[in-house]
Amino acid sequence: GEDVEQSLFLSVREGDSSVINCTYTDSSSTYLYWYKQEPGAGLQLLTYIFSNMDMKQDQRLTVLLNKKDKHLSLRIADTQTGDSAIYFCAGPLTGKLIFGQGTTLQVKP
Amino acid sequence: EAGVAQSPRYKIIEKRQSVAFWCNPISGHATLYWYQQILGQGPKLLIQFQNNGVVDDSQLPKDRFSAERLKGVDSTLKIQPAKLEDSAVYLCASSLDLSDSYGYTFGSGTRLTVV
């Protein structure tokens, strides 16, 4: 199976919270990352979490890491239409970043 | 600081033709990566350079793809001959070094369409 898996699509209303989930297989990952990709653009690093942390908060973004279940989530508070994009989780595997297939976030006004 | 520069932004070629993409990483970044992103999928690593040496090219289809980073700065990725399934966005990224924990910085990519 894939080393990093994500659900493919999430739709929320503006102002609601969004939660994007990711599972990974490599238990030796020291850092895990969330990237954002807008149409026609490259990947923008949103945030990252070190594997010895359970949670990291950065303004509207909260990352939760459950090492036992190898589960990573990204919560976006007060989701805005400008948050509509594809979100990728990524983790290092043998020294290189491996990406999930991406979750498309649709924000309805 | 300037980001990762890639050119061209778009390229349309016929199958069996050749094409080359160029990448200029962030100044001082020793590690450079080429990723292939097929529509609807996550990026897949093709090749990874540390300075001008190849670290990992296990996913590079070497019968048709080649890449070089001669002076440890700019890099080119070439496809010859192209196939229809090579249609994708080719992303270049760079990082300070192999152990950089702050993630990679990506360019805007080159969208290749093979017809």
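Since we're looking at a predicted model, the values are computed, not measured. Here the residue numbering is sequential within each chain, running from 1 through the sequence in written order. Whichever chain is written first is A, and whichever ligand is written first is 1; the rest continue in order. Restriction of local features to residues with pLDDT of at least 70 applies here, the model being predicted, together with a cutoff of 80 or more for giving and counting side-chain atom pairs; totals for whole chains, interfaces and linings are based on all residues. To get the side-chain values, take all heavy atoms of the structure and skip hydrogens and water.

A. Structural detail: the layout of surface pockets. Cavity means a closed set of points on a 1 Å grid over the protein atoms alone, one where a 1.4 Å probe fits but cannot get out, pocket means an open set with protein on both sides within 12 Å along at least 5 of 7 lines, and lining means a residue has an atom within 4 Å of a point. Grid points are joined across faces, edges and corners, and a volume is the space filled by probe spheres set on the points. Approximately 480 Å³ is the volume found for the largest pocket. Together, 28 residues line the largest pocket, and A:Gln37, B:Gln37, B:Leu39, B:Val89 and B:Arg111 are the ones closest to its centre. Every element with two or more residues in the lining of the largest pocket is listed here: strand S9 (85–93) of chain A together with strand S9 (88–95) and strand S11 (110–114) of chain B. Per the convention used, a helix needs a DSSP run of H or I reaching at least four residues, while a strand needs a run of E reaching at least two, with both numbered from the N terminus. For the lining of the largest pocket, the element with the most residues is S11(B), which contributes four residues. Along the lines of polarity and charge, the residues of the lining of the largest pocket split into 12 nonpolar, 13 polar and three charged. Side-chain classes follow a simple rule in which Ala, Val, Leu, Ile, Met, Phe, Trp, Tyr, Cys and Pro form the nonpolar group, Asp, Glu, Lys and Arg form the charged group, and the remainder, Gly included, forms the polar group.

B. Looking closely at the sheet that holds strand S3 (residues 19–24) of chain B. Residues and elements named next belong to chain B. Here we have four strands laid out as an open sheet, ordered S1-S3-S8-S7, and antiparallel in their pairing. At either margin of the open sheet sits one strand with a lone partner, and together these are strand S1 (5–7) and strand S7 (65–68). Pairwise comparison of adjacent strand axes, ignoring direction, gives a mean angle of 15° for this sheet. When DSSP finds two or more bridges between a pair of strands, those strands are recorded as paired. Angular values range over 0 to 180 degrees, each being the angle between N-to-C directions of two axes fitted as lines to C-alpha atoms, with helices fitted over their stretch in contact.

C. Region of interest: the sheet that holds strand S6 (residues 55–58) of chain A. Residues and elements named next belong to chain A. In space, the five strands of this open sheet follow the order S1-S3-S8-S7-S6, with antiparallel pairing throughout. Here the strands that pair on one side only, and so sit at the sheet edges, are strand S1 (4–6) and S6. Mean inter-strand twist for the sheet, computed between neighbouring axes without regard to direction, equals 15°.

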